[in-house]
Amino acid sequence: MIPAENKATTTGKFYWKTAIVIILLIAIAAYFINHAGTQPDDNNKKSGKFSDPVVAVAAVKATQGDFPVYLNGLGTITALRTVTIRSRVDGELIRVAFKEGQIVKEGDLLAEIDPRAFQVQLMQVEGQLQRDEALLNNARIDLVRYKTLLEQDSIAAQQSVTQESVVKQYQGTVAIDRGLLADAKLQLSYTRITAPISGRLGLRLVDQGNMIKASDTNGLAIITQIHPIAVVFTLPEDNLPSVMKQFHANNNSLAIEAYDRKGQIKLGQGQLFAVDNQIDISTGTVKLKGQFANEDNAFFSNQFVNIKMDMGTLHSVTIIPTAAIQRGVMGTFAYVVKADQTVSIKPLKLGPIEGEKVAVLEGLQADEMVVVDGADKLRENMPVKLITPESTAALDQVPPLPDKKDHRNKNRKSGNDE
């Protein structure tokens, strides 16, 4: 028999040897695993290639063509003329001849004031004029008779001179009466309120039956001219030299377009015809004024619009989508797909932007492939896989794999049928 002490010693040595062997095996396995994982990376680093998986990207070809240049500004539609319709005489408003929002022409009847008081005044002035004209005629007859008697030396010369003064006095009285008659007719004409300009009427401010006065500040309604209509918009002062150059080159006229608040719907096309004479120092902008025919009545006074001004066209420039433009510490750049299916970073000098396209002045040639989707994971010389519309359509046509549960259910049904 083996003594108990020797047996315990032998068992302890056995456990220690087993533990040492297991630790060695673990260390050897860890070494091979680490060696197998790092060696390809070291080789890739020496060769200059990445161990990252190939990134799928979408790319399009840069094109070459003419690129229209526009300047964008924020504007407000303004009526060329706005008139508050007021009465020139006091009286009762007996008729309103317009509808709210109606488009009227110059001279159209808008309202009438009770004319009876002015008709009475006109009759009085006409009667006074007839009386004074009769006195004048009588004085002229007396003057002729006095001159005849003076030639016969029957009266004194002073009497004839006095009669000439009486005639002139009556002539002055008749002239005053005629002025009063013209004024009475004018006051009577003011009882018919007509449109001073052509335009659109606003909401009615006074109802029929009210007493109105010439001193009323609100008036009857407001009329605004809408054919044509103007727009006032602003541009940064940095754009002013190019604007003035194009403005004078086109005989003080530039084509402008107006769009809605979102800049998507075109409301009309017009012409720039005026530039303000000073720059607003608080905003660094300059005001410009354009005009639209507004034949379809698309514009309203005080309406907010986005203005695009045509500044000419750049010919034979490289054009790419704005989605291809990337920005970083180096400025603006784009990822270009090379012939070996790797990407390269190219710094770009950009020109004007219009919608979803941008003109490239320097750094890119036509027919080069630029990445428009998937650029966030790219680096220099990284391999990529191009996603084309053809490959996307082919993937869409591949039928989906059958569901395992459906397959098992079909087998069960077929077994039950048997």
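Residues numbered from 1 in each chain as written. Predicted model: local features only at pLDDT ≥ 70, side-chain atom pairs only at ≥ 80, totals over all residues. Heavy atoms only, no water.

1. Considering the sheet that holds strand 6 (residues 109-113)
And step 1. The sheet built from 4 strands is open, its strands ordered 7-6-4-9 with antiparallel pairing. Because the sheet does not close on itself, it has two edges, and the strands there are strand 7 (192-194) and strand 9 (211-212).
And step 2. Sheet topology places strand 6 next to strand 7; 3 bridges connect them, and they run antiparallel. Of the residues in strand 7, the one forming a bridge with Glu-112 is Arg-192. (Pairing = 2+ DSSP bridges. Helix = DSSP H or I, 4+ residues; strand = E, 2+ residues; numbered from the N terminus.)

2. Remarks on the pattern of salt bridges
And step 1. In total, this model carries 11 salt bridges according to the counting rule given.
And step 2. With a shortest N-O distance of 2.7 Å, Asp-142 and Arg-145 are connected by a salt bridge. Of this pair, Asp-142 and Arg-145 both sit in helix 2 (residues 116-151), separated by 3 residues, roughly a single helical turn.
And step 3. With relative accessibility at 16%, the residue Asp-142 sits in the buried group.
And step 4. A relative accessible area of 40% means that Arg-145 is categorised as partly exposed.
And step 5. Across the salt bridge formed by Glu-257 and Lys-266, the nearest N and O atoms sit 3.5 Å from each other.
And step 6. Note on Glu-257: relative accessible area 14%, which makes it buried.
And step 7. Look at Lys-266 and you get partly exposed, because its relative accessible area is 42%. (Salt bridge = Lys/Arg side-chain N within 4 Å of Asp/Glu carboxyl O. Buried < 20%, exposed > 50% of the residue type's maximum accessible area, 1.4 Å probe, protein only.)

3. Let's talk about the confidence of the model for the protein chain
And step 1. When pLDDT is averaged along the protein chain, the result is 84; 83% of the residues meet or exceed 70.
And step 2. Predicted confidence for residues 37-50 stays below pLDDT 50, and this span has 8 contacts to residues more than four positions away or in other chains.
And step 3. Between residues 390-398, whose pLDDT stays under 50, and residues either more than four places distant or in other chains, the model counts 1 contact. (pLDDT = per-residue confidence, 0-100. Contact = heavy atoms within 4.5 Å.)

4. Side note on the packing of aromatic side chains
And step 1. Evaluation of the coordinates by the stated rule reveals 2 aromatic pairs.
And step 2. Considering the side-chain rings of Phe-292 and Phe-299, the 4.8 Å spacing of their centres and the 25 degrees angle between planes classify their relative orientation as stacked. The burial state of Phe-292 is the same as that of Phe-299; both residues are buried.
And step 3. On the numbers, 5.6 Å between centres and 85 degrees between planes, the contact of Phe-333 with Tyr-335 is edge-to-face. Of the two residues, Phe-333 and Tyr-335, both sit in the buried class.
And step 4. Over the face of the ring belonging to Tyr-70 we find Lys-308, whose NZ or CZ atom lies 4.6 Å from the ring centre. (Phe/Tyr/Trp six-rings, centres within 6.5 Å; stacked < 30°, edge-to-face > 60°. Lys NZ or Arg CZ within 6 Å of the ring centre and 35° of its normal.)

5. A word on the sheet that holds strand 5 (residues 103-104)
And step 1. Strand order in this open sheet of 4 strands is 3-10-8-5, and the pairing throughout is antiparallel. The strands lining the two open edges of the sheet, one partner per strand, are strand 3 (82-85) and strand 5.

6. A closer look at the pairing of strand 11 (residues 229-236)
And step 1. Pairing analysis gives 4 bridges linking strand 2 (residues 63-78) to strand 11, with the strands arranged antiparallel. Following the sheet pairing, Thr-78 is matched in strand 11 by Ala-230.
And step 2. Relative to strand 14 (residues 285-292), strand 11 runs antiparallel, the two being bridged by 8 bridges. In the sheet register, Ala-230 faces strand 14, and the bridge partner there is Gln-291.

7. Notes on the nonpolar core
And step 1. Of all hydrophobic cores here, the largest spans 24 residues; its most connected members are Phe-292 and Met-309.
And step 2. If you list the elements that add at least two residues to this core, you get strand 2, strand 11, helix 4 (240-249), strand 12 (254-259), strand 13 (266-280), strand 14 and strand 15 (304-321).
And step 3. In this structure, Phe-292 is in contact with Ile-77, Pro-228, Ile-229, Val-231, Ile-256, Ala-258, Gly-268, Gln-269, Gly-270, Phe-299 and Ile-307, ignoring residues within four places of it in sequence.
And step 4. Core analysis: the next-biggest nonpolar cluster, separate from the first, contains 18 residues, Ala-111, Ile-193, Ile-197 and Ile-212 among them. (Core = buried A, V, L, I, M, F, W, Y, C linked by side-chain atoms within 4.5 Å.)

8. Let's talk about the environment of Asp-310
And step 1. By the element assignment, Asp-310 lies in strand 15.
And step 2. The exposure class of Asp-310 is partly exposed, given its relative accessible area of 29%.
And step 3. Between the C-alpha atom of Asp-310 and that of Val-243, which follows or precedes it by 67 residues, the distance is 9.7 Å.
And step 4. Each residue touching Asp-310, except ones within four places of it in the same chain, is listed here: Val-69, Tyr-70, Leu-254 and Ala-255.
And step 5. Engagement of the side chain of Asp-310 in a polar contact is seen with the backbone nitrogen of Gly-312, the distance being 3.0 Å. (Polar contact = N/O pair within 3.5 Å; in protein donor to acceptor, adjacent residues only side chain to side chain.)

9. Considerations on unusual backbone geometry
And step 1. Cis peptide bonds are those with omega within 30 degrees of zero, and the linkage from His-227 to Pro-228 qualifies with -5 degrees.
And step 2. At Asn-294, a position not held by glycine, the phi torsion is positive, near 55 degrees.
And step 3. Mapped onto the elements of the fold, Asn-294 is located in the loop between strand 14 and strand 15.
And step 4. Residue Asn-294 is classed as buried on the basis of its relative accessible area of 4%.
And step 5. With a phi close to 75 degrees, Asp-367 is a non-glycine residue in the positive phi region.
And step 6. With a relative accessible area of 56%, Asp-367 lands in the exposed category.

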